[in-house]
Amino acid sequence: MGSITDVYSSVCKELKLRTNRYILEVLQETEGKTGDITLKLTGNDRLRKVERVTNKDALALSRTLRDNDSVTGLDLRYNCITDEGAGHLADLLKENVCLRSLDLTCNDIQTDGAEYIAKSLTSNDALLSLRLTGNKIGNGGAMHFASMLQVNSTLQELDVADSDLGTQSVIAFAIVLNNNKSLRSVNISRPLLFSHQEETAVHLSGMLVVNQCLRELHLGKMGMTDYGVERLTDALRTNYTLKYLDLRCNRVTRDGARCLAKVLKNNGTLEILDLASNRIEDDGAFYLSQAIALPTCNLKALSIPNNNIATVGLVSLSRAMQANNTLTHIYIWGNRLEEPVCQAFSDLLSSGRLSSEQTDVCVYEVDGCVCLAEVFHGLKRHYYWTPSYGQDVNPASNAAVALTNTQLYPNSSHTP
């Protein structure tokens with residue numbers, strides 16, 4: 001067998017397909033490399049001339065990689081792959097025993113494509129990470145993945161955020177995770193829920209009582225209120241495996257923050273808490289600071305931008321950081337950064353207690369007054385796009401990757 005470039009060219013010739021120059025260029029760059037290889041074929045790469053991957057290109061790639069044992073990651077974000085292309089990639093998953101990472105973020109895969117991929121994973125025992133973020137697979141497509149998880153015992157990471165999931169499929173995921181022992185991270189953010197009774201939170205709470213394998217749970221943009229948070233925290237009092245809880249962009253107020261603070265006081269497992277774009281205000285921040293100040297709290301990262309927190313809450317958090325050295329990452333931009341807050345975080349930064357790479361603010365002075373400015377740091381700032389230069393998984397901009405140490409493929413551009 002010739003080089004991977006030769007195989008691709010011969011496959012295109014055999015199938016009478018036009019050679020995609022972008023794919024050819026990326027394949028040529030892998031020549032001579034050893035170890036695990038990730039093919040980064042992102043359609044939004046701004047540093048080279050991109051020819052977006054189509055369904056026919058997916059067919060050619062599927063045939064090219066079928067017997068390849070060096071390519072372990074395939075990054076196809078922001079391309080033009082539809083259900084037809086998903087079918088070709090599903091054929092690849094049935095044949096290839098080495099591919100461990102597949103990223104299809106922001107393509108045009110819908111219910112049928114989701115079904116093809118889900119069915120292929122019932123017999124695949126190699127793939128560890130699958131991202132379908134931003135593909136409108138809907139409630140039906142998500143139900144196929146829930147059924148797949150009843151059989152598959154290999155997949156460790158599944159991301160179906162922004163995929164128009166419904167109440168039925170979210171509950172199905174919660175039920176399946178009662179028995180699934182392999183999945184470590186699941187992202188079901190931004191489902192389309194039309195009930196205000198928070199049935200999904202109740203089922204997820206029940207799952208957390210039983211499941212002792214899950215490490216990350218992403219529940220952003222679910223419209224969750226304090227009632228839902230209270231149900232989750234009831235379960236977290238007996239769950240000692242979950243390290244990362246993502247509740248960004250919900251409707252959590254001070255009462256929800258108080259419930260979370262009680263968990264932080266007693267549960268030493270939770271390490272990352274994302275409450276960005278809620279409304280916990282000063283009282284909620286104060287409850288969290290009381291928990292963080294205790295030696296039993298093992299929280300490493302707290303994200304609370306855009307929570308209408310003012311001086312009392314933010315200063316109390318800065319004091320809690322002085323009392324407990326475990327919390328290393330804190331993100332506060334978008335709150336009311338008044339002068340005492342600016343001074344408090346300036347002291348944290350100047351003393352070395354808080355690293356400039358581990359917060360989203362930096363200090364500057366105007367006429368002797370200390371002020372804070374925003375910097376592009378956070379838990380997952382490169383979730384939907386990649387930078388024009390520098391690392392795609394820069395620890396400053398994607399701190400969650402380094403903190404959880406769950407990035408399965410160090411050579412890939414994947415972010416949890």
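Before going into details, it helps to say that this report is about the structure given with it.

What counts and what doesn't
Residues numbered from 1 in each chain as written. Predicted model: local features only at pLDDT ≥ 70, side-chain atom pairs only at ≥ 80, totals over all residues. Heavy atoms only, no water. Helix = DSSP H or I, 4+ residues; strand = E, 2+ residues; numbered from the N terminus. Buried < 20%, exposed > 50% of the residue type's maximum accessible area, 1.4 Å probe, protein only. Core = buried A, V, L, I, M, F, W, Y, C linked by side-chain atoms within 4.5 Å. Contact = heavy atoms within 4.5 Å. Phe/Tyr/Trp six-rings, centres within 6.5 Å; stacked < 30°, edge-to-face > 60°. Lys NZ or Arg CZ within 6 Å of the ring centre and 35° of its normal. Pairing = 2+ DSSP bridges. Axes fitted to C-alpha atoms, helices over the stretch in contact; angles between N-to-C directions. Polar contact = N/O pair within 3.5 Å; in protein donor to acceptor, adjacent residues only side chain to side chain. Salt bridge = Lys/Arg side-chain N within 4 Å of Asp/Glu carboxyl O.

### Some remarks on the environment of glutamine 156
For glutamine 156, the position within the fold is in the loop between helix 6 (138–148) and strand 5 (157–159). What makes glutamine 156 partly exposed here is its relative accessible area of 25%. Residues glutamine 156 and leucine 214 lie 58 residues apart in sequence; the distance between their C-alpha atoms is 9.1 Å.

### Structural notes on the nonpolar core
Leu41, Leu74, Leu130, Phe145, Phe173 and Leu288 are the most contacted members of the largest nonpolar core, which has 111 residues in total. A per-element tally of this core places helix 13 (residues 339–351) first, with six residues. Ala301, Tyr331, Ala400 and Leu403 belong to the second largest nonpolar core, which has eight residues in total.

### Some thoughts on helix 7 (residues 167–176)
Within helix 7, seven of the 10 residues are buried, which leaves the element mostly enclosed by the surrounding structure. Listed in full, the buried residues belonging to helix 7 are Ser169, Val170, Ile171, Ala172, Phe173, Ala174 and Val176. The secondary structure elements touched by the buried residues of helix 7 are helix 6, strand 5 and helix 8 (199–210).

### Let's talk about the packing of aromatic side chains
In the structure shown here, the tally under the stated rule is zero aromatic pairs. Lying across the ring of tyrosine 383, lysine 380 places its NZ or CZ 4.5 Å from the centre. Above the face of the phenylalanine 376 ring, arginine 381 is positioned so that its terminal group lies 4.0 Å from the ring centre.

### Digging into the sheet that holds strand 11 (residues 329–331)
Strand order in the open sheet formed by 11 strands is 1-2-3-4-5-6-7-8-9-10-11, and the pairing between neighbours is parallel. Every other strand in the sheet has two partners, leaving strand 1 (37–40) and strand 11 as the edge strands with one partner each. Each strand of the sheet is rotated relative to its neighbour by a mean of 5°, with strand direction disregarded.

### Overview of the pairing of strand 12 (residues 361–366)
Bridge count between strand 12 and strand 13 (residues 369–374): six bridges; the pairing is antiparallel. Paired with tyrosine 364 across the strands is cysteine 371, a residue of strand 13.

### With respect to the environment of histidine 329
In this structure, histidine 329 sits in strand 11. As for histidine 329 and threonine 34, which are separated by 295 residues in sequence, their C-alpha atoms are 36 Å apart. When neighbours within four sequence positions are excluded, histidine 329 is seen to be in contact with Lys300, Ala301, Leu302, Gln358, Ala399 and Leu403. Separated by 2.7 Å, the side chains of histidine 329 and threonine 328 make a polar contact.

### Let's talk about the pattern of salt bridges
If you walk through the whole model with that rule in mind, you get 22 salt bridges. Taking the shortest distance from any N to any O, the salt bridge between aspartate 246 and arginine 248 comes out at 3.0 Å. With a closest N to O distance of 3.9 Å, glutamate 338 and arginine 336 form a salt bridge. You can call arginine 336 partly exposed: its relative accessible area is 41%. Residues participating in the shared-partner salt-bridge network are Asp75, Arg77, Asp103, Arg131 and Asp159.

Distances and angles like these do not, on their own, reveal function.
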